[in-house]
Amino acid sequence: MNRTVSFSETESYHKCRQAWHYRYNEGLTPIDVGESLLVGSAVHYYLAEEIRGRVFNLPLTQTSWLSANQDRYDDLFFSEMEECLVEIDEVARKVAARAADWLALGSSCGRWGPCYVNGKPAVEYEFVTKLKGTLGFKGVIDWIATDKTDGSLWIFEHKTHRTFTVEDGADMLQLPIYQHAAKQLGLDIRGTAVLQILPSLPERPKLNKNGTMSRAQIRSDWETYKTELLSAGLDPDDYKDEMIPKLEGVEWFRLSKTIRSSAEIEAIWNMIFLPAVKDICDKRKRIVRSRSSFNCARCDYRRLCEAELFGGDADFVRKTHYLERRS
């Protein structure tokens, strides 16, 4: 194969070979991108900036997520999306700063310190390792951090969720595969850490008509609530006994760490990842559709797939809903 292979490609191939074909053989990118994906992209961008500044003491780029991706968005969005994108950019910047505060990045009491690979900060770390039959296995690790308590290295994966999941990273195949790749690069990774981030800011409480502040349960924190009280000329002491316990129940971030044995990592690489790569490289493979309510409901290529299946104008759908991915 005259190109590299990523974990995302093997995951796509496992889910549906037809969707994989649209994306990796035809190079089609959907024009419509969900807001949740945009928010996740923006939070990733700004959290990487926070890590570079607080952990590695590097100057920030001073470039916004929106500006850094302007060429892409000029292609993908109509003008009415501009206001939405600006809002996403502003919220993501603040969410990332709050996440960095929660992790205590850069502070003397913070647990996570810098890691350098080949002299470069290991944040948004791009790598390519050898992979038989291809130009290599490529990937991007959100962050490789050093645990300052014992000097061990950890692979961080940042995920934005509007509702936190109970998964702790143990079932995320991407992480042990990245651990295997890191080993090939000479890195001794102790474990992986999944940082789940609520991609929203604390809500502001409403002021009642009688001049008191609403005591309703909202997704906020005490500092935000207290600021609104002071702005309204109200005494926080009159509210804290009731509101602090209510607001403490809101979870904004969750960090779950997983340690895997070498045998588990090798088994996932050899028995799950490599067979998928072998199939992808096989010129005799059959491209089949995996029709299922779970896969199809979330598939970016559903319009095109159904147009081809049921006699629609597939050429029109291809031209109006997708772009050819740039090399």
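Here, every reference points to the structure presented above.
Right, let's walk through the structure included here. Starting afresh in each chain, residues are numbered from 1 along the sequence in its written order. Residue-level local features of this predicted model are given only where pLDDT is at least 70; pairs of side-chain atoms are given and counted only at 80 or more, and the full residue set underlies all totals for whole chains, interfaces and linings. Side-chain descriptors were evaluated using all non-hydrogen atoms of the structure, hydrogens and water having been removed beforehand.

## A closer look at the overall build of the protein chain
- Each helix corresponds to a stretch of at least 4 residues labelled H or I by DSSP, and each strand to a stretch of at least 2 residues labelled E; elements are numbered beginning at the N terminus. Scanning the protein chain from N- to C-terminus turns up 13 helices and eleven strands.
- Along the first, second and third principal axes, the C-alpha atoms of the protein chain reach 75 × 55 × 35 Å.
- Burial classes: relative accessible area under 20% of the type maximum marks a residue as buried, over 50% as exposed, and values in between as partly exposed (1.4 Å probe, protein chains only). Here the protein chain holds 327 residues, and the buried ones make up 43% of them.
- Using a 1.4 Å probe, the Shrake-Rupley method yields the accessible areas, and only the shown protein chains count as cover for residues. When the accessible area of the protein chain is evaluated, it comes to approximately 18400 Å², of which 49% is carbon and sulfur surface.
- All tallies of charge rest on Lys and Arg as positive and Asp and Glu as negative; His and the ends of each chain are not included. A charge is said to be at NZ when it belongs to Lys, at CZ for Arg, at CG for Asp and at CD for Glu. The centroid of the 45 positive side-chain charges in the protein chain is displaced by 6 Å from the centroid of its 48 negative side-chain charges.

## Notes on the nonpolar core
- Of all hydrophobic cores here, the largest spans 36 residues; its most connected members are I51, W65, L105, W112, W143 and I197.
- Of all the elements in the fold, those that place two or more residues in this core are α3 (35-54), α4 (65-68), α6 (82-102), β7 (137-147), β8 (153-160) and β9 (189-197).
- With nine residues, α3 is the single largest residue contributor to this core.
- Setting aside its immediate chain neighbours within four residues, W112 contacts L103, L105, W143, A145, T146, D147, K148, W154, F156, L255 and K257. Here the nonpolar core consists of buried residues drawn from Ala, Val, Leu, Ile, Met, Phe, Trp, Tyr and Cys, with membership extended through side-chain atoms lying within 4.5 Å. We call two residues in contact when some of their heavy atoms are within 4.5 Å.

## A short note on the state of the cysteines
- Defined by distance alone, a disulfide is two cysteine sulfur atoms within 2.5 Å. Across all of its chains, the model carries zero disulfides by this definition.
- Cysteine C299 remains unbridged, with the sulfur of C16 as its closest cysteine sulfur at 6.2 Å.

## What about the environment of D221?
- With respect to the helices, strands and loops of the structure, D221 is situated in the loop between β9 and α8 (222-231).
- Here D221 falls in the buried class, since its relative accessible area comes to 17%.
- Here the alpha-carbon distance between D221 and E124, two residues 97 residues apart in the chain, equals 30 Å.
- In contact with D221, not counting residues within four places along its chain, are R98, P202, L247 and W252.

## Re the packing of aromatic side chains
- Only Phe, Tyr and Trp rings take part, Trp by its six-membered ring, and two of them pair if their centres are within 6.5 Å. Stacked means planes under 30 degrees apart, edge-to-face means over 60, and tilted covers everything else. Within the structure shown, the criterion is met by 18 aromatic pairs.
- Three or more aromatic residues link up through ring pairs in this structure, and these residues are Y125, F127, F137, Y178, W269 and F273.
- The ring of W252 is capped by R98, whose NZ or CZ atom sits 4.8 Å from the centre of that ring. A ring is scored as having a charge over it whenever the NZ atom of a lysine or the CZ atom of an arginine sits within 6 Å of its centre and within 35 degrees of its normal.

## Let's talk about the side chain of S214
- Tracing the sequence through the fold places S214 in the loop between β9 and α8.
- Looking at S214, the relative accessible area reads 16%, which means it is buried.
- A polar side-chain atom of S214 sits 3.2 Å from the main-chain amide nitrogen of A216.
- In this structure, S214 is in contact with P205, K206, N208 and Y225, ignoring residues within four places of it in sequence. Here a polar contact means two N or O atoms within 3.5 Å. Within protein one must be a hydrogen donor candidate and the other an acceptor candidate, and residues neighboring in sequence count only if both atoms are side-chain atoms.

## Things to note about the packing of helix α1 (residues 7-15) against helix α2 (residues 17-25)
- The geometry of α1 relative to α2 is characterised by a closest axis approach of 6 Å and an angle of 140° between their N-to-C directions. Relative to α2, the element α1 lies oblique. On α2, the residues touching S8, E9, S12, Y13 and K15 of α1 are R17, A19, W20 and Y24.
- Side-chain classes are defined by residue name, with Ala, Val, Leu, Ile, Met, Phe, Trp, Tyr, Cys and Pro counting as nonpolar, Asp, Glu, Lys and Arg as charged, and the others, Gly among them, as polar. Taken together, the residues of the contact of α1 with α2 break down into four nonpolar, two polar and three charged. Lines fitted to C-alpha atoms define the axes here, with helix axes fitted over just the stretch in contact, and angles between the N-to-C directions of these axes take values from 0 to 180 degrees. Geometric relationships in this document are graded by angle, where less than 35 degrees denotes roughly parallel, more than 145 denotes roughly antiparallel, 65 to 115 denotes roughly perpendicular, and other angles denote oblique.

## Observations regarding the environment of N25
- Secondary-structure assignment places N25 in helix α2.
- Residue classification places N25 among the partly exposed residues on the basis of a relative accessible area of 44%.
- N25 has contacts with R3 and W20, leaving out every residue within four places of it along the chain.

## Section: unusual backbone geometry
- The phi angle at N118 is positive, at roughly 55°, despite the residue not being glycine.
- Mapped onto the fold, N118 is located in the loop between β4 (116-117) and β5 (120-121).
- We note that E124 has phi near 50°; this positive angle belongs to a residue other than glycine.
- Examined against the element boundaries, E124 turns out to sit in strand β6 (residues 123-129).
- On the basis of relative accessibility, which here comes to 27%, the residue E124 falls in the partly exposed class.

## With respect to the side chain of T192
- Note that T192 resides in strand β9.
- Given a relative accessible area of 0%, T192 falls into the buried group.
- Not counting chain neighbours up to four residues away, the residues in contact with T192 comprise W154, I155, L175, Q179, S256, K257, T258 and R260.

## Focus on helix α7 (residues 174-184)
- Where burial is concerned, most of α7 is hidden: nine out of the eleven residues are buried.
- The set of residues buried in α7 consists of Q174, L175, P176, I177, Y178, Q179, H180, A181 and A182.
- Looking at the buried side of α7, the elements it contacts are α1, β6, β7, β8, β9 and α10 (262-281).
- Immediately beyond the C-terminal end of α7, within one or two residues, lies G186, with a positive phi of roughly 90°.

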